Amino acid sequence: MTFKYRYRKQIIITLIVFTLIGMSSFFLYSNLKSSNKKEKKENLLTIEKKEKKEEKKKEEVEKVEPIMVDVKGEVMNPGIYTLNPEKRVIDAIQMAGGLTNQADTSVLNLSKKLKDEMVIIVYSHYEVENFEKTKEKEEILHQECVKGVNALENNACIEEEKQVSSSNKVSINQATKEEFMQLEGIGESKANAIVEYRNTNGPFQAIEDIKNVSGIGDSLFDKIKENITL
C-alpha cells in the first residue's frame, strides 16, 4: 500500500478544509470591501447633505436685507448703524459703543427687535427722573421739526406713532374726544366729527360704520380698525 493511497482520505479532507477556508476568506473580504464601499458612500452622502444645508443656510442669510437704525442719546458713538433685522435694541446700542455713565435704560425694552428707520433714544438719569417734561419737550421739538422753516414741511422728522393696547381698545360708541385722539391719524377735528356723528345718528352698528364719518376713509380705517370696538 503506497503512501498516497494510505493518506488519500486525509489529503482530500485537508484540501477540502483549505478550499473552504479560502472561500470563506474570499467571501469575508468581499463583504468587508462591499461594506466599506457602502459606508464610504453613506459618509459622502452625509457630507454632501451637510454642505448643501450649510450652503442653503448661507444663501438665506445673504438674502436678508440689512436695515438702518438711528441711535441717539446716552451712547458713546451716536449715529446711523446697519444691522441684520433679527438683531435687538441692545445690539444697536452695543454697535454705538455702548452706554455712557449717565445712561438709564429703565424705560427701554432692550430685547425689542429692530426695524428699518427705527430711532433709538437712550435717556439720561436726569431725563428719566423728569420723564414727563422730557416727553413734553420732545413733542414740542417734533411739532417744530414738522413745521420746518418758512412753512416747508420736513418729512425727515421722527414720526409719532400712537398705539393703543389690544386689551384697551377704544369703544366708538362710548369714547370721548380725547380717547379718539389716542388713535393713529385721529386729530381733534376728526375726533369731534366722530362724536357729533354718533350724537346725531345714534350708536354705531359695526366698526366699519365709522367710515360714514366725514374724513375717515378706507386707508385711515385700516390704521385704526385693530384698535377700536363697539
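S.K.: Got a minute to help me understand the overall build of the chain in this structure?
M.R.: A count of helices and strands for the chain gives 8 helices and 5 strands. Along the chain direction, N to C, the helices and strands of the chain fall in the order α-α-β-β-α-β-α-α-β-α-α-α-β. Within the span of the chain, comprising 230 residues, buried residues form 20% of the whole. By element, 52% of the accessible surface of the chain is carried by carbon and sulfur atoms, the whole surface being about 17,600 Å².

S.K.: Even after reading the chapter, I still don't get the nonpolar core, so can you show me in this structure?
M.R.: If you look at soluble globular proteins, the nonpolar side chains tend to sit buried side by side. Residues Phe180, Ile186, Ile194 and Ile210 are the most contacted members of the largest nonpolar core, which totals 17 residues. Mapped onto this core, the elements with two or more residues apiece are α7 (188-201) and α8 (218-224). Ile210 has contacts with Ile172, Ile194, Phe204, Ile216, Phe221, Ile224 and Ile228, leaving out every residue within four places of it along the chain. Counting residues in hydrophobic clusters, the runner-up holds 15 residues, among them Val75, Leu83, Val89 and Ala92.

S.K.: Would you take a moment to explain the pattern of salt bridges for this structure?
M.R.: Any two side chains of opposite charge can pair, given that their charged atoms come close. Counted according to the given criterion, the structure contains 5 salt bridges. The salt bridge partner of Lys177 is Glu188, with a shortest N-O separation of 3.4 Å. One end of the pair, Lys177, is in helix α6 (residues 177-180); the other, Glu188, is in helix α7, with 11 residues separating them in the sequence. With relative accessibility at 45%, the residue Glu188 sits in the partly exposed group.

Rules and cut-offs
Residues numbered from 1 in each chain as written. Predicted model: local features only at pLDDT ≥ 70, side-chain atom pairs only at ≥ 80, totals over all residues. Heavy atoms only, no water. Helix = DSSP H or I, 4+ residues; strand = E, 2+ residues; numbered from the N terminus. Buried < 20%, exposed > 50% of the residue type's maximum accessible area, 1.4 Å probe, protein only. Areas by Shrake-Rupley, 256 points an atom, 1.4 Å probe, with all protein chains shown as cover. Core = buried A, V, L, I, M, F, W, Y, C linked by side-chain atoms within 4.5 Å. Contact = heavy atoms within 4.5 Å. Salt bridge = Lys/Arg side-chain N within 4 Å of Asp/Glu carboxyl O.

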